[in-house]
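Coordinate inspection notes
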Number of protein chains: 2
Amino acid sequence: MRALTWNGETLALDPSYPTPKTAGAMALVRVRLAGICSTDLQIFRGYMGFRGVPGHELVGEVREGPAVLLGRRVVGEINFACGRCEYCGRGLGRHCAVRRVMGILGADGCFAELIAVPAANLHVVPDSVEDQEAVFVEPLAAAFEILEQVHLKPTDDVIVFGDGKLGLLCAQALNLTPARVTIIGKHQNKLAHLKHLGISTVLASKWKQRQADVVIEATGSADGLTKAIASVRPRGTLVLKSTVAQDHTLSLAPLVINEITVVGSRCGRFAPALRALAHRTVAVTPLIDKTFPLEDGVEAVGFASRRGALKVLLRP
Amino acid sequence: MRALTWNGETLALDPSYPTPKTAGAMALVRVRLAGICSTDLQIFRGYMGFRGVPGHELVGEVREGPAVLLGRRVVGEINFACGRCEYCGRGLGRHCAVRRVMGILGADGCFAELIAVPAANLHVVPDSVEDQEAVFVEPLAAAFEILEQVHLKPTDDVIVFGDGKLGLLCAQALNLTPARVTIIGKHQNKLAHLKHLGISTVLASKWKQRQADVVIEATGSADGLTKAIASVRPRGTLVLKSTVAQDHTLSLAPLVINEITVVGSRCGRFAPALRALAHRTVAVTPLIDKTFPLEDGVEAVGFASRRGALKVLLRP
């Protein structure tokens with residue numbers, strides 16, 4: 001099959017990559033559409049030391065697997081967990097110590113024609129949800145994860161820093177609560193996507209420093225992190241939503257003096273994200289920048305890496 | 001009056017420092033005993049840019065103030081708050097934006113014969129609590145603050161890193177819950193103080209890395225911080241209990257990947273600490289290293305700064 005492969009130095013199209021083996025609990029999924037995530041771009045800078053087929057955002061169609069799934073349109077949770085440990089028992093397979101992670105850790109991803117995914121990880125996509133929407137389920141689930149971890153009160157003032165893909169999705173997910181949500185970003189065209197949803201949008205250049213109860217760091221930059229810390233009220237909460245490869249130097253004293261809670265936040269469960277897409281309470285398709293055929297995957301990654309890019313999709 | 005003073009460069013005994021003015025809501029307290037805290041030592045390295053009389057741990061006797069307090073033995077909360085803002089209204093005067101902080105920010109402290117403290121900050125010390133115990137109320141309240149911020153479950157495995165004064169108090173406060181508490185430190189003699197309280201004690205050199213639900217960072221060192229982060233289970237909590245002057249370089253990726261919650265923790269309310277002392281559920285006097293007369297305050301600070309020091313007291 002055709003697949004994009006990363007060998008630690010080069011991303012290339014392999015026209016005859018081995019078809020995934022799907023013994024046991026694994027299903028074989030034909031990829032209909034895949035999304036390029038900032039984490040993929042981090043991987044191409046060394047994050048996680050990954051080698052193989054990258055990609056972890058997809059919508060596909062089951063070719064081999066349990067009868068109830070055959071031929072169904074699906075999305076797949078990306079943590080391939082043991083299913084037996086304490087974390088798995090608590091529904092936290094995304095923290096299973098022996099997990100593999102699709103296209104990130106020990107498992108080939110979805111920048112390919114076919115992918116092997118544990119059948120237990122698959123969710124059927126409702127007919128009302130288009131492929132172009134379903135491919136956002138994984139990052140949208142990561143946005144909803146904030147609400148699994150942090151109790152957002154109706155009186156809370158919430159600021160999202162960063163108008164990248166994840167920031168725009170986080171602002172939408174948090175805006176489904178009664179809290180007041182403001183997003184600060186550098187791109188008027190990106191912020192414009194959220195205005196009609198009742199989310200306050202502010203250009204970073206016009207931002208007047210204030211402190212909020214809950215601040216989401218979704219810029220992925222050291223500068224953004226420092227700004228975000230300074231914007232958390234005493235006893236407030238800072239949510240770290242970016243995984244970045246480099247270390248940060250920061251003064252932890254403000255965290256102690258202001259008794260700030262910092263919450264690291266990663267992947268979420270898919271059901272709430274699928275429900276939001278089915279109910280049209282979020283709008284994801286405006287975030288699509290461009291769709292490339294898989295053959296042009298290297299070019300697509302370059303396009304996705306440019307400053308100000310939004311979601312770039314691959315169609316195998 | 002006699003007072004120790006810090007001018008940003010030198011700590012010195014001033015034999016004729018002006019007696020504090022106590023107009024309005026301020027009471028005048030004669031200091032019976034004061035404690036030297038690691039934060040004081042940080043101040044002498046530049047922390048908070050403080051100038052004046054340092055010191056914020058005291059037990060004293062009211063000389064001027066409301067009739068009900070006159071002549072009473074008291075301890076004093078260190079945040080001098082406005083009493084009118086939202087934080088003050090929520091009982092969080094320690095986060096009041098215009099607060100002064102005893103011996104730390106804009107208010108003279110207790111390394112002196114007399115100190116001015118808002119009468120509202122004073123708590124009468126029960127007769128059953130000795131001066132040598134009452135002087136620990138402030139740091140003990142800071143230890144209890146962890147339990148104001150973090151829900152410690154009976155099934156939680158808790159590790160305290162650091163067997164300094166604050167670490168030893170934190171371990172004792174947390175051990176009043178049904179959670180399992182282990183303290184890791186470098187000094188067998190310090191750890192010995194906690195053994196009979198049913199707290200597991202482990203020498204750092206013999207510590208076998210494991211992950212716990214809740215980890216308290218009370219070493220104040222960058223190395224300790226890195227170790228502490230690595231010791232938090234996925235979805236666990238790290239409590240930062242040290243204010244340190246220098247910046248830290250650290251990788252935030254583990255916080256995000258393991259969805260760790262980091263909680264900065266500072267001062268606490270005095271009532272729970274006074275109650276614990278009155279009920280003899282904590283043992284603080286074994287932590288006293290040496291008591292110096294105020295005249296020997298400079299020598300006392302030197303003594304408190306040596307490696308492995310425990311609590312050093314000043315008697316004006």
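Residues numbered from 1 in each chain as written. Chains lettered and ligands numbered in written order. Predicted model: local features only at pLDDT ≥ 70, side-chain atom pairs only at ≥ 80, totals over all residues. Heavy atoms only, no water.

1. Focus on the overall build of chain A
Rules: Elements are defined by DSSP. Helices are runs of H or I of four residues or more, strands are runs of E of two residues or more, and each kind is numbered from the N terminus. As a reference, a globule follows 2.2 Å times the number of residues to the power 0.38, and the radius of gyration itself is taken over C-alpha atoms. For each residue, the accessible area found with a 1.4 Å probe, counting protein chains only, is set against the maximum for its type, and the residue is called buried under 20%, exposed over 50%, and partly exposed in between. Only the protein chains shown count as cover for residues, and all accessible areas are computed by the Shrake-Rupley method using a 1.4 Å probe. The sign given to each residue is positive for Lys and Arg and negative for Asp and Glu; His and the chain ends receive no count. By convention, the charge on Lys lies at NZ, on Arg at CZ, on Asp at CG and on Glu at CD.
A tally of regular secondary structure across chain A gives 10 helices and 19 strands. Over its C-alpha trace chain A gives a radius of gyration of 19 Å, about what one expects of a compact globule, namely 20 Å for 316 residues. Its C-alpha atoms give chain A principal-axis dimensions of roughly 55 × 40 × 40 Å. The proportion of buried residues among the 316 residues of chain A is 59%. Carbon and sulfur atoms make up 51% of the accessible area of chain A, which totals about 12,500 Å². Distance from the positive charge centre (36 side chains) to the negative charge centre (29 side chains) of chain A: 4 Å.

2. Comments concerning the interface of chain A and chain B
Put simply, the rule is: Whether two residues touch is decided by their heavy atoms; if any such pair falls within 4.5 Å, the residues are in contact. Note on terms: buried area is the combined drop in 1.4 Å-probe accessible area of two parts once they are placed together, counting the loss on both. The salt bridge criterion pairs a side-chain nitrogen of Lys or Arg with a carboxyl oxygen of Asp or Glu, the two atoms within 4 Å. Polar contact criterion, stated in full: a pair of N or O atoms within 3.5 Å, where within protein one must be able to donate a hydrogen and the other to accept it, and residues adjacent in sequence count only if both atoms are side-chain atoms. Residue polarity follows a fixed list, in which Ala, Val, Leu, Ile, Met, Phe, Trp, Tyr, Cys and Pro are nonpolar, Asp, Glu, Lys and Arg are charged, and the others, Gly among them, are polar. Strands are labelled as partners when DSSP assigns at least two bridges between them.
Counting residues at the interface gives 38 residues for chain A and 38 residues for chain B. Both faces combined, the contact of chain A with chain B buries some 3,300 Å², and carbon together with sulfur accounts for 54% of it. Counting every contact that joins chain A to chain B gives four salt bridges. In this structure, the salt-bridge partner of A:R235 is B:E145, at a minimum N-O distance of 2.7 Å. For the pair chain A and chain B, the interface holds 17 residue pairs in polar contact (both at pLDDT 80 or more). Sorting the residues of the side of chain A that touches chain B by element identifies α2 (86–89), α4 (137–149), β15 (232–240), β16 (248–250), α8 (253–257) and β17 (261–264) of chain A as the ones contributing at least two each. Considering only residue class, the side of chain A that touches chain B consists of 18 nonpolar, 11 polar and nine charged. Sheet topology note: the β17(A)/strand β17 (residues 261–264) of chain B ladder contains three bridges and is antiparallel. Directly across from A:T261, in β17(B), lies its bridge partner B:V263.

3. Overview of the environment of B:G268
With respect to the element layout, B:G268 can be found in the loop between β17 and α9 (271–278). Aside from chain neighbours lying at most four places away, what touches B:G268 is B:E77, B:R94, B:A141, B:A142 and B:E145.

4. Structural notes on unusual backbone geometry
With a phi close to 70°, A:R235 is a non-glycine residue in the positive phi region. Tracing the backbone shows A:R235 in strand β15.

5. What about the domain arrangement of chain A?
All names here are of chain A. This is how the line gets drawn: Domain start and end points were adopted from an automatic or database domain assignment.
For chain A, the domain assignment lists domain 1 (3–136 + 284–315) and domain 2 (142–264). Centre-to-centre separation of domain 1 and domain 2, based on C-alpha positions: 27 Å. On the side of domain 2, 13 residues touch domain 1, which itself brings 16 residues to the contact. For the pair domain 1 and domain 2, the summed buried surface comes to about 1,300 Å²; carbon and sulfur atoms form 57% of the total.

6. Topic: the pairing of strand β4 (residues 57–64) of chain A
Residue and element names in this part refer to chain A. In this sheet, β4 lies alongside strand β3 (residues 26–36) in antiparallel orientation, the contact comprising seven bridges. Across the sheet, residue V29 finds its bridge partner in β4, namely V62. As paired strands, β4 and strand β5 (residues 73–76) are joined by two bridges and run antiparallel to one another. Note on β5: the bridge partner recorded for E61 is R73.

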